[in-house]
Amino acid sequence: MQRERLIPEFDWNAVFVQPWSEYASNSFWIVLMGFLVSGTCGLVGCFVILRRMALVGDAISHSLLPGITLAFLLTHSRDTLPMMIGAVAAGVVTVALIEAIRYSSRIKADAAIGIVFSSLFAVGVILISVFADKVDLDAECVLYGELGFIPLQEIAYFGETEIGPEPVIRMGIIALIAIGLLVAFYKEMLVTSFDAGLAASLGISPTRYQYGLTLFLSIVIVSSFESVGVVLVIAMIIFPGATALLLTDRLSNALWISTAFSACYAVFGFHLATWLNASIAGGMTVIAGIVFGIIWMVSPGQGLIIQFRSRHSSNEEALEPINPSL
Amino acid sequence: MLAHSNPEPSSKTTDPLEVHDLTVAYTKRPVLYGIDLVAPPGSIVGVVGPNGAGKSTLIKAIMGLLPAASGWIKVFGKPFRQAVTRVGYVPQRESVDWDFPVNAMDVVLMGRYGRLGPMKRPTKADKEIAMACLEKVKMLPYAKRQISNLSGGQQQRVFLARALAQESDLYLMDEPFVGVDAATEAAIIDILRELQQQGKTLLVVHHDLTTAPDYFDRILLLNMRVVAYGRTEDVFTFENLQNAYGGRLSILSEVALSRARKKAEGDTPDSIHQ
């Protein structure tokens, strides 16, 4: 061959078979981590979408950069706890600043979000370059994440037994907490998301659940950024829920469906990245975009095809009649 | 004997709703000044006034959604927080996102949430109550339908069913008649009357002056202050309306005309309540 191919040749064996034979253990941890990250982000994301907080999520993820950089400069450690505290503090500061600007000026939420997250993110970028010699943080990894490194991480032990790479175990615990909180507070989250006025009149404080969700969202983002990076974590928050909501009219179903989509992103994103020798988080997000596109077209309830058909068909039986007098 | 025939509050402590000298301000600009209001048990109180008079603000302040700059509110003699389970709420229809992924049954079940403790799920009994409430507003066949696939009138009925599911003693309703068809309006007023006969108290924000005197036995005429409050026949006078609406004569003459016509037919608003 004269020149290098633009896209690597698709080799079934190398893309789908080898990862599960020769490197099965590595592949397992990578895909599991991808699923735990996008599954947890997706569950929280369903509520984030319904409460129109998607941009706030994006803002929180970007503000992690200065948060963890500062935490590192102060403690000189890359342990989980200081990183977690720095990042959650950054998330809280972000949300507080957005709210402060909104309430004390005429600037609306979207502009306030833009102002806060871009300036905090820039502070992070500058901190990293000024203290480049002191900050042993891989900016590339913070921005884009690297799922491929997961099997190389320290192994967590349960007593004497090896259980798996530490980040995967940590993410698994976060996922279990997310499910636990969801089961415990489903009705509160449902009513505060749908009708804050009614919730307040029932004695269920909408602000308390709003803060709770924001705080938990920060924790989930912090736990996820090593894998998918602060730029793409928002994709994992929005895509599973948004795609699921195209398919179902009920929140409880949307939560299940979003989890299934997350698994699909993890598996196919991994194989796409293996084929193209690219970032796995990038692969997962591309798959998420493709799946969204397909569902957007073919969804039986809200899809473009169904809309086009019902607009152009003379068959009136296709439209379910609604009797307004009943 | 219906409680509403009692013209004045009998006991200070058991009145379902007592508002004293309430002032509410949005960022320093007061929107409600010195509101005094007592709703006796079994009354239907209409809150009437021009746009921006603070009608919805009053309901939100009663529920503690907006802080009071001064004054106090008592619900069954207690602060609102201690009486939540005795208060039902019907918000304005536009206040929620009807694309939300819930069906009619889910919405009505929310009315039961205040009675469930934290972390508790609705029980079979709660579901049966919700079904009965949907049946009452003739929406049972639509229980499984996603709420954006309902007409405006049907959506309002779902909200009403949810309020019924709250099984409260005091109901606060924000414009329940807006954007509904005539059949729904008649159905809603029937249910309001039925609630009244069960001794419940209702505070209803309403903007249609032509129907107000027929629907309510007490009227609060509001325009940032209380213009007048009392029994409908005492309050609903041309002079009071002019004070509240500031001489927007097109509305007023229309109301005066329709009232005069009704009087001529011998159909006084009182006869409806008997």
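Scroll up to find the structure.
Because the structure is predicted, anything quoted here is derived from the model rather than measured.

### Comments concerning the sheet that holds strand E2 (residues 29-39) of chain B
Residue and element names in this part refer to chain B.
- Ordered by their spatial adjacency, three strands build an open sheet running E2-E1-E4, and the pairing between neighbours is antiparallel. Each having just a single partner strand, E2 and strand E4 (68-75) make up the two edges of the open sheet. Ignoring strand direction, the axes of neighbouring strands in this sheet form an average angle of 15°.

### What about the packing of helix H3 (residues 124-136) of chain B against helix H4 (residues 152-165) of chain B?
Residues and elements named next belong to chain B.
- Interhelical geometry of H3 versus H4 gives an angle of 135° and a closest axis separation of 8 Å. The angle between the axes of H3 and H4 places the two elements in the oblique class. When the axes of H3 and H4 are compared, the crossing they make is right-handed. Here Ile-129, Ala-130, Cys-133, Leu-134 and Lys-136 of H3 lie close against H4, whose contacting residues are Ala-161, Leu-164 and Ala-165.
- Tallied by class, residues from the contact of H3 with H4 come to seven nonpolar, no polar and one charged.

### What to know about the pairing of E2(B)
Residues and elements named next belong to chain B.
- Here seven bridges tie strand E1 (residues 17-26) to E2, and the two strands are oriented antiparallel to one another. Looking at the pairing, Glu-18 lines up with Val-38 of E2.
- The turn joining E1 and E2, which pair antiparallel and follow one another in sequence, is formed by two residues; a positive phi near 35° is taken by Thr-27.

### A look at the sheet that holds strand E7 (residues 201-205) of chain B
Residue and element names in this part refer to chain B.
- With mixed pairing, six strands are arranged side by side in an open sheet as E5-E6-E7-E3-E8-E9. Either end of the sheet is taken by a strand with one partner, and the two such strands are strand E5 (87-90) and strand E9 (225-231). Going from strand to strand, the sheet's axes swing by 15° on average, the running direction of each strand aside.
- Where strand E6 (residues 170-174) meets E7, five bridges bridge the pair, whose relative direction is parallel. Note on E7: the bridge partner recorded for Asp-174 is Val-205.
- Running at roughly 155° to E9, helix H8 (residues 238-245) makes contact with strand E8 (218-223) and E9 of the sheet.

### Regarding the environment of Gly172(A)
All names here are of chain A.
- Note on placement: Gly-172 falls in helix H7 (residues 166-194).
- Residue Gly-172 is classed as partly exposed on the basis of its 17 C-beta neighbours within 10 Å.
- Remark: the alpha-carbon pair of Gly-172 and Phe-35, spanning 137 residues in sequence, is separated by 9.9 Å.

### Quick word on unusual backbone geometry
Residue and element names in this part refer to chain B.
- Of note in this structure, Asp-21 is not a glycine but carries a positive phi near 50°.
- The residue Asp-21 is located in strand E1 in this model.
- By the C-beta count within 10 Å, which is 12 here, Asp-21 ends up exposed.
- Within the chain, Phe-76 stands out as a residue other than glycine whose phi angle is a positive 50°.

### Thoughts on the pairing of strand E3 (residues 44-48) of chain B
Residues and elements named next belong to chain B.
- Of all five residues in E3, five are buried, a share of seventy percent or more.
- Every second residue of E3 is oriented toward a common face, with Ile-44, Gly-46 and Val-48 on one face and Val-45 and Val-47 on the other, all of them buried.
- Two elements, E3 and E8, share four bridges in a ladder whose sense is parallel. Within E8, the residue paired with Val-47 across the bridge is Leu-220.

### Observations regarding the interface of chain B and chain A
- Taken together, the contact between chain B and chain A spans 24 residues of the former and 24 residues of the latter.
- Of the residues that constitute the side of chain B that touches chain A, the class distribution is 14 nonpolar, seven polar and three charged.

### Let's talk about the nonpolar core
- In terms of nonpolar packing, the biggest core is built from 167 residues, with Val233(A), Val108(B), Ala161(B), Leu172(B) and Leu220(B) touching the most fellow members.
- What Ala161(B) contacts, discounting residues up to four positions off in sequence, is Val108(B), Cys133(B), Leu134(B), Lys136(B), Val137(B) and Met139(B).

### Re helix H10 (residues 251-276) of chain A
- Compared with an ideal rise of 1.5 Å per residue, which puts 26 residues at 38 Å, H10(A) spans 36 Å between its outermost C-alpha atoms and is within 8% of the ideal.
- Backbone geometry just downstream of H10(A) places Asn277(A) in the positive-phi region, at approximately 55°.

Reading the values: the criteria
Residues numbered from 1 in each chain as written. Chains lettered and ligands numbered in written order. Predicted model: local features only at pLDDT ≥ 70, side-chain atom pairs only at ≥ 80, totals over all residues. Pairing = 2+ DSSP bridges. Helix = DSSP H or I, 4+ residues; strand = E, 2+ residues; numbered from the N terminus. Axes fitted to C-alpha atoms, helices over the stretch in contact; angles between N-to-C directions. Parallel < 35°, antiparallel > 145°, perpendicular 65-115°, else oblique. Left-handed = near helix turned anticlockwise from the far one by under 90°. Contact = placed C-beta atoms within 7 Å. Nonpolar A, V, L, I, M, F, W, Y, C, P; charged D, E, K, R; others polar. Buried ≥ 20, exposed ≤ 12 C-beta atoms within 10 Å, placed from the backbone. Core = buried A, V, L, I, M, F, W, Y, C linked by C-beta atoms within 7 Å. Expected span 1.5 Å × (residues − 1).

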